[in-house]
Amino acid sequence: MTRPCRDIPAEATAPGPPTLQELLQREAQWLAPYAMPARKSRGRRYAEPEHPYRTPYQRDRDRITHSAAYRRLSYKTQVFTGEMGQLHRTRLTHTLEVASIARTLGRALRLNEDLIEALALVHDLGHPPFGHAGEQALQQCLGEQGSFSHNQHALTLVEHLEHRYAEFPGLNLTWEVLQGQQAKVQPEQLARGALLEVQVVDAADNIAYDTHDADDALTLGLLGLEDLTQLDLWHHAQAAVRRRWTIPDKRLFQRAVVRQLIDTLVGDLLRTTWQNLRRHEVRSLEDVARLKRLVCHSDEVAQQQQALERFLFQRVYRHPLLLRMRSRACEMIRHCYEQLLARVEELGEVFCRRAQQHGPAQAVAEYLACLTDEELLQLAQNPRSNPLPPR
Ligand code: MG
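Draft legend 1. Seen up close, the overall build of the protein. The number of helices and strands found in the protein is 19 helices and 0 strands. Since a compact globule built from 391 residues should have a radius of gyration of about 21 Å, the 23 Å found for the protein is in line with a globular shape. Along the first, second and third principal axes, the C-alpha atoms of the protein reach 65 × 55 × 55 Å. Within the protein, the fraction of its 391 residues that count as buried is 53%. Nonlocal contacts in the protein, meaning residues at least 24 apart in sequence, comprise 71% of its contacts between residues at least 6 apart. Carbon and sulfur atoms provide 50% of the accessible area of the protein, an area that totals close to 19,400 Å².

This is the structure we're talking about:
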């Protein structure tokens, strides 16, 4: 007979997984009245039995994490390409940083962290190879024959292109996750009435890329620390670090300032959001639905953040190195697009079906958007190849 360990009282042995009911009760006790509880979900397009010990949003998060599109993010450019080294962010690490910041915000505001995590993990799933350069090239290729946006493509992936279940196409995510991503396609939905979980992920995305694009640009030597001190946000973060520590090492100092910057932005966002929630006496999801955006920065910090974004646009995103990369990527995508248009029928069942439904141009753009940076390079070198594994 197995005897329990002498030092652990019998009542402390593993209690077994919580039931779904217990998880939903825990949510009800913990979440703020304006948070989105899983028990109120509008459900999925294709009805499914509930999981015995995961809430619908936990399942959504897991489905996204196990998708092919998610894994491919590790080989997709965020801002800086692989040829510039391996230390800067990729689309995957950016996504994880967004999820991390968004969860912190969500917990502090007592929102639904599982929903937040699912929304964060899906938010950039639709980025084509070579980031915004790839997106621009696909838009140009399609011209009048269709449209491409990475936000919309994320929805296409999780609703149609992911092929993992016998019972339905896509991942069959909950209405709230799809609607949250849809709000990114139509930003007016983000400006009014979006769930606070959706607003939090959008704010976390901005905080993540503003701070880590500056961090990566410094690390790669595209900027010097002295370039950023002209910006109020950076200047204040630097002063706060110096008040607490003396850090002679330049790299460590840079990291301390970036940490401080994230802390400043997160702290300001939380303070302003709490003020908004109190000022508007927000007590329910219905209150959230009728009000303008509540998760935002103070006017002062919002202006400073915009100044940082303008600076990054001029000095980093339009840096000659990045412009050269963009133009090479655009050229490759245009070349591959022309080649594939002549042989859509070779792209596999899913894309053939997309071609029948939405035209060959749209199907080719979607195929190219699924590729990693490396796969696009391979395809450009060998136009007869088919680098995307069968779906
Ligand atoms: Mg993003």
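On we go.
Draft legend 2. The coordination of the magnesium ion, seen in detail. Around the magnesium ion, the protein supplies His-94 (NE2), His-123 (NE2), Asp-124 (OD) and Asp-205 (OD) as donor atoms, at distances of 2.2 to 2.4 Å. Motif for the magnesium ion, donor spacing along one chain: H-x28-H-D-x80-D. A residue pair is termed long-range when its members are at least 10 positions apart, and His-94 in helix H4 (residues 91-108) and Asp-205 in helix H10 (residues 196-219) qualify at 111 residues. For the pair shown, His-94 and Asp-205 are each scored as buried.

Draft legend 3. Geometry of the side chain of Asp-268. Mapped onto the elements, Asp-268 comes out in helix H13 (residues 250-279). One buried charged side chain, Asp-268, makes no salt bridge at all; its nearest oppositely charged neighbour is Arg-271, positioned 4.5 Å away. Side chain to side chain, Asp-268 and His-297 meet in a polar contact 3.0 Å long. Each residue touching Asp-268, except ones within four places of it in the same chain, is listed here: Cys-296, His-297, Ser-298 and Val-301.

Draft legend 4. Summary view of the packing of aromatic side chains. In this structure the tally under the stated criterion is 3 aromatic pairs. Pairing Tyr-46 with Phe-168 gives two aromatic rings, centres 6.0 Å apart and planes at 15 degrees, and the pair type is stacked. Taken together, the residues span a long stretch of sequence, with Tyr-46 in the loop between helix H1 (20-30) and helix H2 (56-65) and Phe-168 in the loop between helix H7 (150-161) and helix H8 (175-185) at a distance of 122 residues. Looking at Tyr-46, the relative accessible area reads 34%, which means it is partly exposed. What makes Phe-168 buried here is its relative accessible area of 5%.

Draft legend 5. Seen up close, the nonpolar core. Ranked by size, the top nonpolar core spans 117 residues in total, and within it Ile-64, Leu-125, Trp-234, Tyr-367 and Leu-368 carry the most contacts. In terms of residue count, the dominant contributor to this core is H10 (11 residues).

About the thresholds
Residues numbered from 1 in each chain as written. Predicted model: local features only at pLDDT ≥ 70, side-chain atom pairs only at ≥ 80, totals over all residues. Heavy atoms only, no water. Helix = DSSP H or I, 4+ residues; strand = E, 2+ residues; numbered from the N terminus. Rg over C-alpha atoms; globule rule 2.2 N^0.38 Å. Buried < 20%, exposed > 50% of the residue type's maximum accessible area, 1.4 Å probe, protein only. Contact = heavy atoms within 4.5 Å. Areas by Shrake-Rupley, 256 points an atom, 1.4 Å probe, with all protein chains shown as cover. Donors = N, O, S within 2.8 Å, 3.2 Å for Na, K, Ca; no water. Lys, Arg positive; Asp, Glu negative; His and termini not counted. Salt bridge = Lys/Arg side-chain N within 4 Å of Asp/Glu carboxyl O. Polar contact = N/O pair within 3.5 Å; in protein donor to acceptor, adjacent residues only side chain to side chain. Phe/Tyr/Trp six-rings, centres within 6.5 Å; stacked < 30°, edge-to-face > 60°. Core = buried A, V, L, I, M, F, W, Y, C linked by side-chain atoms within 4.5 Å.

Read these as spatial facts, not as claims about activity.
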